[in-house]
Amino acid sequence: MNQNNIAVTVKNLTRTFGDFVAVDHINLEVKKGEIFGFLGPNGAGKSTTIRMLCGLLMPTGGEGTVGGFDIITQSEEIKQNIGYMSQKFSLYDDLTVGENINFFSGIYNVAASKKEARKEWALGMAGLKDKRDTLTRTLPGGYKQRLALGCAILHEPPILFLDEPTSGVDPISRRNFWSLIYEMAKSGTTVFVTTHYMDEADYCDRLALIYRGKIIAEGTPNELRKNYMTRDVLEIEAEPLVGAMEALDRQGIETAVFGSLLHATVENAKVAVPRIWKILEEANTTVRRIEKIVPSLEDVFVTLIEVS
């Protein structure tokens, strides 16, 4: 990969806390202008990694650069050239919307000649033009989220780090937020986003799946499905759900709950479907539907962690 086209690179990045290895010798390259997703369950090492990349936490081992700056020796330069938004949104609840924007303009050294224009841009992007004098703590979660994004990119950074940015907001706000991210990536911003919502993986150009501090898979969403999902996935609609799950588990068939449905991972769908019908009917469950589906990235992840 052309090094001039790289926004973030890390080699053997490691972080320990006493005997606990939070990040375990990970290697990554993120291209300029792409949306790179860092996916994994809570406690997998996502936030620790992003804090090291943002110059907020010193690595225990390894090396890396962000925007061409060394993560160990040039953390202050990194902070001036990135946007960072944490899952807690980093806003000051006792300030008004406008006061928060003014504060972050100062933190990021936005030029005096640009401050007013950037403020109006942030208010418009967040849909808060008529709420500039509203106390931030009274805003609904979706508005806080967009305001936090606006504050994080007032200085128009080339690289944006988003740490669990959609945690705790409603699904519509999540979707609207991703629309904003797309627009930023189109204009050339590199976006590095962590999430534990597997359904958000398809919004990303490329992904790394992290589990217990190690990267267990990397690629585009389609590459992950193709390269790491060698078995078939069946979607099962049956009642009672728990009874169906327990009946299949007793027969050694792996299942996971997806809302009101079950996903079963099998070697061969044609062979498995009649067998599963028989098992569920004998367990006195009502079976409405069993069909082979395109695996979700959550299916891929569940399969990967079973063998890791």
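All of the points below concern the structure found in this document. Bear in mind the structure is a predicted one, so any value in this text is a computation, not a measurement.

1. Concerning the overall build of the protein chain
Turning to step 1, where the next piece is worked out: Counting its regular elements, the protein chain contains ten helices and 14 strands.
Turning to step 2, where the next piece is worked out: Within the protein chain, the proportion of its 308 residues that are buried is 50%.
Turning to step 3, where the next piece is worked out: Within the protein chain, contacts between residues separated by at least 24 positions form 70% of all contacts whose residues are at least 6 apart in sequence.
Turning to step 4, where the next piece is worked out: When the accessible area of the protein chain is evaluated, it comes to approximately 14700 Å², of which 49% is carbon and sulfur surface.
Turning to step 5, where the next piece is worked out: The distance from the centre of the 34 positive side-chain charges to the centre of the 40 negative ones in the protein chain is 3 Å.

2. Thoughts on the state of the cysteines
Turning to step 1, where the next piece is worked out: All chains considered together, the criterion is met by zero disulfides.
Turning to step 2, where the next piece is worked out: Free cysteine cysteine 54: the closest other cysteine sulfur is in cysteine 151, separated by 16 Å.
Turning to step 3, where the next piece is worked out: Free cysteine cysteine 204: the closest other cysteine sulfur is in cysteine 54, separated by 16 Å.
Turning to step 4, where the next piece is worked out: Taking the relative accessible area as the measure of exposure, cysteine 204 reaches 6% and is therefore buried.

3. Observations concerning the environment of leucine 128
Turning to step 1, where the next piece is worked out: With respect to the element layout, leucine 128 can be found in the loop between helix H4 (112-126) and helix H5 (141-152).
Turning to step 2, where the next piece is worked out: Contact partners of leucine 128, with chain neighbours within four places excluded, come to Val97, Leu123, Leu139, Tyr143 and Leu147.

4. Points about the sheet that holds strand S1 (residues 6-17)
Turning to step 1, where the next piece is worked out: Taken together, four strands build an open sheet; the order of strands is S2-S1-S4-S5 and the sheet is antiparallel. Edge positions in the sheet fall to strand S2 (20-31) and strand S5 (69-70), since each of these pairs with one other strand and no more.
Turning to step 2, where the next piece is worked out: Note: S1 against S2, eight bridges, orientation antiparallel. By the bridge assignment for S2, valine 10 is matched with leucine 28.

5. Quick word on helix H3 (residues 97-107)
Turning to step 1, where the next piece is worked out: Along H3, the residues that are buried comprise Val97, Gly98, Asn100, Ile101, Phe104 and Ser105. The arc enclosing the buried residues of H3, seen along the axis, measures out at 160°, which places them on a common side.
Turning to step 2, where the next piece is worked out: Of the residues one or two after H3, asparagine 109 is the one with positive phi, at around 55°.

6. Some points on a nonpolar patch on the surface
Turning to step 1, where the next piece is worked out: On the surface, a cluster of nonpolar side chains totalling about 280 Å² of accessible area is made up of Tyr92, Phe103 and Ile107.
Turning to step 2, where the next piece is worked out: Tracing the backbone shows isoleucine 107 in helix H3.
Turning to step 3, where the next piece is worked out: Overall, isoleucine 107 belongs to the partly exposed group, its relative accessible area being 43%.

7. Quick notes on the packing of aromatic side chains
Turning to step 1, where the next piece is worked out: This model, assessed by the stated rule, comprises nine aromatic pairs.
Turning to step 2, where the next piece is worked out: Ring plane angle 75° and centroid distance 5.0 Å describe the contact between tyrosine 92 and phenylalanine 103, whose orientation is recorded as edge-to-face. With tyrosine 92 in the loop between strand S6 (82-85) and H3 and phenylalanine 103 in helix H3, this residue pair connects regions lying eleven residues apart in the sequence.
Turning to step 3, where the next piece is worked out: Among the residues examined, tyrosine 92 registers a relative accessible area of 44% and is labelled partly exposed.
Turning to step 4, where the next piece is worked out: Summarising the aromatic geometry, the rings of tyrosine 211 and phenylalanine 301 are spaced 6.2 Å apart at their centres and angled 90° between planes, so their arrangement reads as edge-to-face.

8. Observations concerning the layout of surface pockets
Turning to step 1, where the next piece is worked out: Estimates place the volume of the largest pocket at around 310 Å³.
Turning to step 2, where the next piece is worked out: Along the walls of the largest pocket sit 18 residues, with Leu56, Tyr84, Ser90, Phe104 and Tyr108 positioned nearest its centre.
Turning to step 3, where the next piece is worked out: Among the secondary structure elements, those contributing two or more residues to the lining of the largest pocket are S6, H3 and H5.
Turning to step 4, where the next piece is worked out: Residue contributions to the lining of the largest pocket peak at four residues, all from S6.
Turning to step 5, where the next piece is worked out: In this structure, the second largest pocket occupies an estimated 170 Å³ of space.
Turning to step 6, where the next piece is worked out: Contributing to the lining of the second largest pocket are Arg231, Gly252, Ile253, Glu254, Thr265, Val266, Glu267, Asn268, Val271, Ala272 and Arg275.
Turning to step 7, where the next piece is worked out: If you list the elements that add at least two residues to the lining of the second largest pocket, you get strand S13 (261-266) and helix H9 (269-282).
Turning to step 8, where the next piece is worked out: Residue contributions to the lining of the second largest pocket peak at three residues, all from H9.

9. A few points about the packing of H4 against H5
Turning to step 1, where the next piece is worked out: The geometry of H4 relative to H5 is characterised by a closest axis approach of 9 Å and an angle of 150° between their N-to-C directions. When the interaxial angle is binned, H4 and H5 end up roughly antiparallel. Considering only the axes of H4 and H5, their crossing is right-handed. On H5, the residues touching Trp121, Ala122, Met125 and Ala126 of H4 are Tyr143, Arg146, Leu147, Leu149 and Gly150.
Turning to step 2, where the next piece is worked out: Of the residues that constitute the contact of H4 with H5, the class distribution is seven nonpolar, one polar and one charged.

10. A closer look at unusual backbone geometry
Turning to step 1, where the next piece is worked out: The peptide bond linking glutamate 239 to proline 240 adopts the cis configuration, its omega dihedral lying at -10°.
Turning to step 2, where the next piece is worked out: Its place among the elements puts proline 240 in the loop between strand S11 (232-239) and helix H8 (241-250).
Turning to step 3, where the next piece is worked out: Of note in this structure, asparagine 109 is not a glycine but carries a positive phi near 55°.
Turning to step 4, where the next piece is worked out: Mapped onto the secondary structure, asparagine 109 falls in the loop between H3 and H4.
Turning to step 5, where the next piece is worked out: Take asparagine 109: its relative accessible area is 55%, and that puts it in the exposed class.
Turning to step 6, where the next piece is worked out: With a phi angle near 50°, glutamate 164 is a residue other than glycine that sits in the positive phi range.
Turning to step 7, where the next piece is worked out: Locating glutamate 164 in the fold gives a position in the loop between strand S7 (159-163) and helix H6 (171-186).

About the cut-offs
- Counting from 1, residues in each chain are numbered in the order their sequence is written.
- Note on the predicted model: pLDDT of at least 70 is required for a residue's local features to be given, and 80 or more for side-chain atom pairs to be given and counted; whole-chain, interface and lining totals, by contrast, use all residues.
- Calculation of side-chain values draws on the structure's entire complement of heavy atoms; hydrogens and water are dropped beforehand.
- Helix and strand assignments follow DSSP, with helices taken as H or I runs no shorter than four residues and strands as E runs no shorter than two, numbered in order from the N terminus.
- Only protein chains enter the area calculation, which uses a 1.4 Å probe; residues under 20% of their type maximum are buried, those over 50% are exposed, and those in between are partly exposed.
- We call two residues in contact when some of their heavy atoms are within 4.5 Å.
- Exposure was quantified through the Shrake-Rupley algorithm and a 1.4 Å probe, taking into account, for residues, occlusion by the shown protein chains and nothing else.
- Counted as positive: Lys and Arg. Counted as negative: Asp and Glu. His and the chain ends are not counted at all.
- To locate a charge, the coordinates of NZ of Lys, CZ of Arg, CG of Asp or CD of Glu are taken.
- The rule for a disulfide is simple: a pair of cysteine sulfur atoms within 2.5 Å.
- A pair of strands is labelled paired if DSSP reports no fewer than 2 bridges between them.
- Here the arc refers to the directions that run from the helix axis out to each C-beta atom.
- Patch definition: residues with relative accessible area over 30% and no salt bridge; like charges joined within 9 Å; nonpolar side chains (Val, Leu, Ile, Met, Phe, Trp, Tyr) joined within 5 Å.
- By salt bridge we mean one thing: a side-chain nitrogen of Lys or Arg within 4 Å of a carboxyl oxygen of Asp or Glu.
- Note on ring pairs: Phe, Tyr and Trp rings are taken, using the six-membered ring of Trp, and paired if centres are within 6.5 Å. Classes follow the plane angle, with under 30 degrees stacked, over 60 edge-to-face and the rest tilted.
- Here a cavity denotes a set of grid points, spaced 1 Å apart and computed over the protein atoms alone, in which a 1.4 Å probe fits but from which it cannot get out, and a pocket denotes an open set meeting protein on both sides within 12 Å along at least five of seven lines; residues with an atom within 4 Å of a point are reported as lining.
- Grid points are joined across faces, edges and corners, and a volume is the space filled by probe spheres set on the points.
- Interaxial angles span 0 to 180 degrees and are taken between N-to-C directions of axes, which are lines fitted to C-alpha atoms, for helices over the stretch in contact.
- Here roughly perpendicular refers to angles of 65 to 115 degrees, roughly parallel to angles under 35, roughly antiparallel to angles over 145, and oblique to all remaining angles.
- Crossings are sorted by hand: turned counterclockwise from the far helix by less than a right angle, the near helix makes the crossing left-handed, and turned clockwise it makes it right-handed.
- All amino acids are sorted into three groups, where Ala, Val, Leu, Ile, Met, Phe, Trp, Tyr, Cys and Pro are nonpolar, Asp, Glu, Lys and Arg are charged, and the leftover types, Gly among them, are polar.

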